[in-house]
Amino acid sequence: MSLPAGYTLREVTLADADAVAVHRYPEVGDTAERPPYAAWLAGALAAGRYLGLMAVCRGEVVAGAGLTLLEWGPTRGQPESLRGRLVNVWTHPEHRRLGLARTLCAGVLARARARGIGTVGLGSTPQARDLYLALGFAPQPAEMKWEAPR
């Protein structure tokens, strides 16, 4: 897939950590979450544990998608030790419905395959479900979550 005319694609860099944190936490009520995430992301980028792409229009980042690389260990039928988690998929409201998220996600998944990563998971919103299904993701009804008491 390609981007519409007027848009360019680029890799996420260390200088983008704050912008990606805003993509992850776009709500005003989430501003306190941004600095710790930006700090984590800078370290993950430097260590090669995160890769991402951004779409730019007229010099402004208008969409992004990333992949967190997880040391998972080989499992039955999957000898590779790394897995990916698709994260930070975001498109500015004025640039939605142009295929930007689809192109960015496909690009991130291609980079995962190039690194030998054959399994990628994600958490989806109802609005994004059709996009992820079209990209080949399948629902996993058995996933559960545990959080330590605070």
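Up top is the structure these notes are about.
Residues numbered from 1 in each chain as written. Predicted model: local features only at pLDDT ≥ 70, side-chain atom pairs only at ≥ 80, totals over all residues. Heavy atoms only, no water.

A. Spatial organisation of the environment of Thr-68. Note on placement: Thr-68 falls in strand 3 (residues 60–71). Distance from Thr-68 to Tyr-50, taken between C-alpha atoms, is 4.6 Å for residues 18 residues apart in sequence. If near-sequence neighbours (up to four positions away) are discounted, Thr-68 is found in contact with Trp-40, Arg-49, Tyr-50, Arg-83, Gly-84, Arg-85 and Val-87. (Helix = DSSP H or I, 4+ residues; strand = E, 2+ residues; numbered from the N terminus. Contact = heavy atoms within 4.5 Å.)

B. The pattern of salt bridges, seen in detail. Tallying each qualifying case throughout the model produces 2 salt bridges. For the salt bridge of Arg-10 with Asp-16, the shortest nitrogen-to-oxygen distance reads 2.7 Å. The class of Asp-16 is buried, set by a relative accessible area of 8%. Residue Glu-11 pairs with Arg-111 through a salt bridge whose shortest N-O separation is 2.9 Å. (Salt bridge = Lys/Arg side-chain N within 4 Å of Asp/Glu carboxyl O. Buried < 20%, exposed > 50% of the residue type's maximum accessible area, 1.4 Å probe, protein only.)

C. Expanded view of the environment of Val-108. Mapped onto the secondary structure, Val-108 falls in helix 3 (residues 100–114). Using a relative accessible area of 0% as the deciding quantity, one classes Val-108 as buried. Between the C-alpha atom of Val-108 and that of Gly-84, which follows or precedes it by 24 residues, the distance is 10.0 Å. Those residues in contact with Val-108, other than ones at most four positions away along the chain, are Leu-51, Leu-53, Ala-65, Gly-66, Leu-67 and Leu-86.

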